Amino acid sequence: MGRAAAGLAVACAEVLGRATGRVYGSRVVLLVGSGDNGGDALYAGARLARRGAGVTAVLLAPERAHGGGLAALRRAGGRVAGDGSAEQLISRADLVVDGIVGIGGRGGLRQEAVPLADAAARSRAAVVAVDLPSGVDADTGQVPGAAVRADLTVTFGAHKPGLLVDPAREYAGSVRLVDIGLSLPNDAAGLEALQYADVARLLPVPGAESDKYRRGVVGIAAGSARYPGAAVLAVAGALRGGAGAVRYVGPAGDAVIARYPETLVSDQGPKRAGRVQAWVVGPGAGDDAGTVAEVLAAEVPVLIDADGLRLADAGAVRGRTAPTLMTPHAGEAAALLGVSREEVEGARLASARELAGRYGATVLLKGSTTVVAGSEGGPVRVNSTGTSWLATAGSGDVLSGLAGSLLAAGLTALDAGSVAAYVHGLAGRFAAGGAPTGAHDVAEAIPGAWRDVARVE
């Protein structure tokens, strides 16, 4: 607790320094629940009080407040708020510290805490959450009721899934991890977040003797008379994904070859397209169920996206012996699971796991937080890159082509989906630069994102 409080106090002091230019004389309100989470807030408050801050604790359960922390705060000159004064204190605060509920909390904020969270949201104070924002579910990222919205969350020992997965991630603000000396088992994680170095090690690099077949050839079965652009964008992503060649099959061949003359175009269907090491099927496919079925029968890895998800026979997907990667957004996942879109968006981890289990496939669930669940269980991977500007038509087609190319280059379905999401997210950031961007811009930015990651190794 001493290490946690020290790290929390340092973070709070930095927030105050940015907000007011000082710690001395600033006004700090601690929202203190029962147990160790409230104790962390009280001990950190004592450290801030010793630096000259005016610190007041609002005790939600006075009889169960952490005794040692409360004594330390009082010795340092801090005080406890009187009855009925909490909301007024919050309205005048420079900093509010949320120590209401810890990682054991379930079911959203209790009724008595909701007015305090609302007052903090209305105030001009910066809000720092202790370990995680009170009211969010630490294990699932769900927000089952009212919750505190933090500008910064100071978490201890290890990241909690709720800090990485929406909708809870939205409530966490920036996240800072404080090492408190815990010894954590390497195989206990339910969630993974790849970093630059992890992705750099997975990026395919051609060897001295590589040719286009050794590097992998990806087939793209996409597009229709109505949606030729989906084919062009999927091919754009595939050409930048590390495979040695891209074969295109479908009715948009003229549009594809006009934009990307290096593409190998065929109008003979997937079976007669020539040798491929992986297929991408579905973007803009309309109602072409026959092509989807033909691709699913292939004995190579297959990525299913967009219309392909609707057209694919569930039994055929489950019966495949080669790897399958499904890439739905929340609406498509909801249709496959027979639930509402809101249910999927409110429980992204559980939805991805459920879909992977039902289909025996790796599932990349796109959205504000992209998660990748393996076909055989294990930790779910959450993507830490990306930007809201990626919510644009055609962006998912680019991602599918990129991931399919990585499948053809030899990555597992889990790695291909994870690396593609990471690089695609970076490319989206680079392409947008804080302004609106289009899917074609994202595709053009992939090489820059790839180089940015690769130079870490």
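You'll find the structure just up there.
A short tour of the structure in this document, coming up. (Residues numbered from 1 in each chain as written. Predicted model: local features only at pLDDT ≥ 70, side-chain atom pairs only at ≥ 80, totals over all residues. Heavy atoms only, no water.)

## Regarding the packing of aromatic side chains
1) Next: For the structure shown, the criterion picks out one aromatic pair.
2) Next: Taken together, a centroid distance of 5.8 Å and an interplanar angle of 75° make the contact between Y196 and Y422 edge-to-face. Pair noted here: Y196 is in helix α7 (residues 196–202) and Y422 is in helix α18 (residues 413–432), with a separation of 226 residues, a long-range link.
3) Next: Under the relative-accessibility criterion, Y196 is labelled partly exposed at 25%.
4) Next: A residue is classified by how much of its surface remains accessible, and Y422, at 4% relative accessible area, is buried.
5) Next: When the ring centre of Y171 is taken as reference, the NZ or CZ atom of R149 above it lies at 4.0 Å. (Phe/Tyr/Trp six-rings, centres within 6.5 Å; stacked < 30°, edge-to-face > 60°. Helix = DSSP H or I, 4+ residues; strand = E, 2+ residues; numbered from the N terminus. Buried < 20%, exposed > 50% of the residue type's maximum accessible area, 1.4 Å probe, protein only. Lys NZ or Arg CZ within 6 Å of the ring centre and 35° of its normal.)

## Let's talk about the nonpolar core
1) Next: With 52 residues, the main nonpolar core has V199, V218, I220 and V423 as its most contacted residues.
2) Next: Those elements that provide at least two residues to this core are α7, β9 (217–221), α9 (228–239), β10 (245–249), β12 (278–281), α17 (395–408), α18 and α19 (439–454).
3) Next: With nine residues, α18 is the single largest residue contributor to this core.
4) Next: In terms of nonpolar packing, the next biggest core, distinct from the first, is built from 39 residues, V276, L296, L309 and V317 among them. (Core = buried A, V, L, I, M, F, W, Y, C linked by side-chain atoms within 4.5 Å.)

## Concerning the pairing of strand β1 (residues 27–32)
A regular strand places its side chains so that they alternate between the two faces of the sheet.
1) Next: By the criterion of burial, β1 is predominantly enclosed, with five of the six residues buried.
2) Next: By the bridge criterion, six bridges tie β1 to strand β2 (residues 54–59) in an arrangement that is parallel. The residue bridging V28 from the neighbouring strand is V55, located in β2.
3) Next: Note that β1 and strand β4 (residues 95–99) share five bridges and pair parallel. Along β4, the bridge assignment pairs V29 with V96. (Pairing = 2+ DSSP bridges.)

Note that every value here comes from positions in space, so none of it alone points to a role or purpose.
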